[in-house]
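So you can see what is in the structure, the chains are spelled out below.
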Amino acid sequence: MSPSCITEKRPKPYAVLSSTPSDSHTWNLLYVQLLMEENGWTVTNLGACAPVAMLLDESLRRVPDMIVISTVNGHGAQEARQVIAALRAEPSLSRVPVALGGKLCVSEDREQAVVGELAAAGYDAVLVGDAAVPAFRSLLAEAAGTPGQHARRRA
Amino acid sequence: MTPETAPAGTFHEFMERARRTGTLVVQPRMGFGTVERMRAGLVATKNADAATVGTVTLDSYTRVGDFAAAERALRAGDELNGYPIVTLGPQVTRGMLDGVRDGGFPVQVRHGSASPGPIFGALMAAGLDATEGGPISYCLPYSRTPVNRSVHAWREAVRRFAALAETGAVPHLESFGGCMLGQLCPPSLLVAISVLEGMFFAQQGISSISLSYAQQTHPGQDEEAVRALHDIAADLLPSISWHVVIYAYMGRYPATHQGALSLLAAAARLAKRSGAARLIVKTASEASRIPSIADNVTALRVAARAGRAAERDLSPPATTGIEEEARSIIERVLDLHADLGRALTSAFALGYLDVPYCLHPDNAGRTRSYITDDGRLQWAATGALPITSAGGRPKAGGLTSTELLHALSYVRDRYDTGAFAHH
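How each quantity is defined
Residues numbered from 1 in each chain as written. Chains lettered and ligands numbered in written order. Predicted model: local features only at pLDDT ≥ 70, side-chain atom pairs only at ≥ 80, totals over all residues. Helix = DSSP H or I, 4+ residues; strand = E, 2+ residues; numbered from the N terminus. Rg over C-alpha atoms; globule rule 2.2 N^0.38 Å. Contact = placed C-beta atoms within 7 Å. Buried ≥ 20, exposed ≤ 12 C-beta atoms within 10 Å, placed from the backbone. Axes fitted to C-alpha atoms, helices over the stretch in contact; angles between N-to-C directions. Parallel < 35°, antiparallel > 145°, perpendicular 65-115°, else oblique. Left-handed = near helix turned anticlockwise from the far one by under 90°. Nonpolar A, V, L, I, M, F, W, Y, C, P; charged D, E, K, R; others polar. Core = buried A, V, L, I, M, F, W, Y, C linked by C-beta atoms within 7 Å. Pairing = 2+ DSSP bridges. Right-handed = clockwise from strand over helix to strand, strands pointing away. pLDDT = per-residue confidence, 0-100. Expected span 1.5 Å × (residues − 1).

**Quick look at the overall build of chain B**
Along the backbone of chain B there are 16 helices and 10 strands. Compactness check: chain B gives a C-alpha radius of gyration of 20 Å against a globular reference of 22 Å for 423 residues, within 12% of the reference. C-alpha atoms of chain B, sized along the principal axes, occupy 60 × 50 × 45 Å. Across chain B, the fraction of contacts at a sequence separation of at least 24, relative to all contacts at a separation of at least 6, is 73%.

Laid out in structure tokens, this is it:
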């Protein structure tokens, strides 16, 4: 079996995209969705103010190759901790890559400090500032190379 | 004029007086998580060199009804993105406003909630008489609450608010309908939703309202839209008191100091030329963080100065059909049911109201918009909207991420590079 044959049979990588429970912004979500789809991903976009329980339900229904949290309302640093704790508490989601990006704090000067804290809390990538989108593109390319590695589809 | 206690109907009376004298009132979009900072912000607004009203913008935990999260953040000392009016309680808020709010300086609460009952309760208990939002404008863009439930929640809350009239106050309610996602919603739909929400408020017994319009991509198109808003409101809201409020651009804001303030000045000119009575400002630091008190005071001063330098334009405007489109949408919605709440709910189900790029599950999602070469916001697809749009988009298919970002950044880029600085 040639490598190209394997590539053709490989399913599209699948992602769940979400805001945080208190964040009503959606232009960021729409942009990230388009970006991912253009890079060959299938995306379920949960939209504004998605409760943590909804993110869990959706991710457990079909375990994704990546979970992406995009938030810009300044409460991200607070809410993202609850999100990652809830995701990592589920055995089937404990190893799914989770990327977080956007504006995470009310004031910009505190942002760099929380990046390390959130990575330590379990995020695989915490993307802020001008470097966020290029870094996210690299992450997508990397993750798309190994779809299904973390995901186990439920019957 | 600084009475000990705020007289009833403060906001309504202040705005009526401003409207009669042609004074453009400027207002910040300001909210802080602590009592001290919120009070300091209001004091600075009051003392700014401009005709101002104060704003208490609430935090987003309060907006979604997660009062426990607001409480936790307060205890932990985490910075909130607004004032937690429900969690702090009426006595604290009365104290915060004491000696600041008076007949010459009314205060409005701004929030963004599709389930506003507790917020209305808290602001009324604190003695406040002015707030804003709406069953559509605070549901679709800001929540995942079904439209039907938002309409019910707003109907109940607005009726209770209207009952303040029994105490001699004149409660004032502003529709946020002229914003709808902040950008890329064509003007006719903004005007239609603003008027429809105003009529919904009137149907619940509110007698003093304001109708909003958010600055978009083209000064001439915006002026046509705001004049259409005035004409339609004059026809459809004949028996209540109303004025028009302009929002300085609500999309991606210029990052440069110069660009940000010249976009704000353009909003002030729009307000003055089109006969709006009030302007809600944006600041020079909008693009990077929640603005400081000093940022807001500068913005108020810049906006007031630009407003004073402009005159109301009474010449017949060049029209491109915004008023006809808006009237057509409004009439079709009004025909659905005598109860406007039911009419609005059905209008979304049928796609008669359909906001471009809105992800809410109840939005049909069959409309699209684009920015023309000359900078106007135009329909690319009208779905089931009851309009016949002249402007169809030449390019078929959906937007790419790059095209979306380009459209979202159109105003920001133009002002940051000085392309609009000639005004």
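This is not the end of the story, as more comes after the structure.
**As for the overall build of chain A**
What chain A contains, in helices and strands, is six helices and five strands. Ordering the α and β elements of chain A from the N terminus gives α-β-α-β-α-β-α-β-α-β-α. A total of 155 residues make up chain A; the buried ones form 47% of that total. Partitioning the intrachain contacts of chain A with sequence separation of at least 6 by distance along the chain shows that 80% fall at a separation of at least 24.

**Regarding the packing of helix 10 (residues 219-236) of chain B against helix 13 (residues 322-334) of chain B**
Residues and elements named next belong to chain B. The contact between helix 10 and helix 13 brings their axes to 9 Å, and the two run at 45°. The angle between the axes of helix 10 and helix 13 places the two elements in the oblique class. Handedness of the helix 10/helix 13 crossing: right-handed. Only Ile322, Glu323, Ala326, Arg327 and Ile330 of helix 13 make contact with helix 10, whose side of the interface consists of Glu224, Ala225, Ala228, Asp231 and Ile232. Here the contact of helix 10 with helix 13 is built from residues that sort into six nonpolar, no polar and four charged.

**Some points on unusual backbone geometry**
All names here are of chain B. Notably, Met180 is not glycine yet its phi reads approximately 35°, a positive angle. Mapping Met180 onto the fold places it in the loop between strand 5 (172-175) and helix 9 (187-203). The exposure class of Met180 is buried, given the 26 C-beta atoms found within 10 Å. For Leu181, which is not glycine, the phi dihedral falls at a positive 70°. As for its position among the elements, Leu181 is in the loop between strand 5 and helix 9.

**Thoughts on the nonpolar core**
Residue and element names in this part refer to chain B. In terms of nonpolar packing, the biggest core is built from 185 residues, with Val191, Leu264, Ala267, Leu279 and Ala303 touching the most fellow members. With 11 residues, the top contributor of residues to this core is helix 9. Once residues lying within four places of it in the same chain are set aside, the contact partners of Leu279 are Leu24, Val26, Gln27, Ile246, Ala248, Ala267, Ala268, Ala271, Ala303 and Gly307.

**Some remarks on the interface of chain A and chain B**
If you look at the interface, chain A gives 23 residues, while chain B gives 25 residues. For the side of chain A that touches chain B, the element with the most residues is helix 2 (residues 27-38) of chain A, which contributes seven residues. Classifying every residue of the side of chain A that touches chain B gives 10 nonpolar, 10 polar and three charged.

**Some thoughts on the pairing of strand 4 (residues 98-102) of chain A**
Residues and elements named next belong to chain A. Taking burial as the measure, the five residues of strand 4 include five buried ones, the bulk of the element. The side-chain alternation of strand 4 yields two buried faces, one formed by Val98, Leu100 and Gly102 and the other by Ala99 and Gly101. Across five bridges, strand 3 (residues 66-71) lies against strand 4 in parallel orientation. Bridged to Val68 within strand 4 is Ala99. Handedness of the strand 3-helix 4 (residues 76-88)-strand 4 crossover: right-handed.

**Examining the confidence of the model for chain A**
Residues and elements named next belong to chain A. Per-residue confidence for chain A gives a mean pLDDT of 88, with 88% of residues at or over 70. Below pLDDT 50 for its whole length, residues 1-5 participates in one contact with residues either more than four positions away or in separate chains. Scored below 50 in pLDDT, residues 151-155 shows nine contacts in the model against residues more than four places distant or in partner chains.

**A few points about helix 4 of chain A**
Between its first and last C-alpha atoms helix 4 of chain A spans 18 Å; for 13 residues at 1.5 Å apiece the expected length is 18 Å, and the two agree. For helix 4 of chain A, every residue scored as buried is listed here: Gly76, Ala77, Gln78, Glu79, Ala80, Val83, Ile84 and Leu87 of chain A.

**Topic: the packing of helix 7 (residues 117-125) of chain B against helix 8 (residues 147-162) of chain B**
Residues and elements named next belong to chain B. It is at 9 Å that the axes of helix 7 and helix 8 come closest, and there the two elements cross at 15°. It follows that helix 7 is roughly parallel to helix 8 by the angle criterion. The two elements helix 7 and helix 8 cross, and the hand of that crossing is right-handed. On helix 8, the residues touching Gly117, Phe120 and Met124 of helix 7 are Ala153, Glu156, Ala157, Arg160 and Phe161. Grouping the constituent residues of the contact of helix 7 with helix 8 by class yields five nonpolar, one polar and two charged.

**Focus on the sheet that holds strand 3 of chain A**
Residues and elements named next belong to chain A. Taking strand neighbours across the sheet as the criterion, the five strands line up as 2-1-3-4-5 in an open arrangement whose pairing is parallel. Taken across any chain shown, the strands that pair with only one partner, and hence form the sheet edges, are strand 2 (42-45) and strand 5 (125-127). Each strand of the sheet is rotated relative to its neighbour by a mean of 20°, with strand direction disregarded. Sheet strands in contact with helix 3 (residues 52-61) are strand 1 (14-18), strand 2 and strand 3, and its direction is about 175° off that of strand 1.

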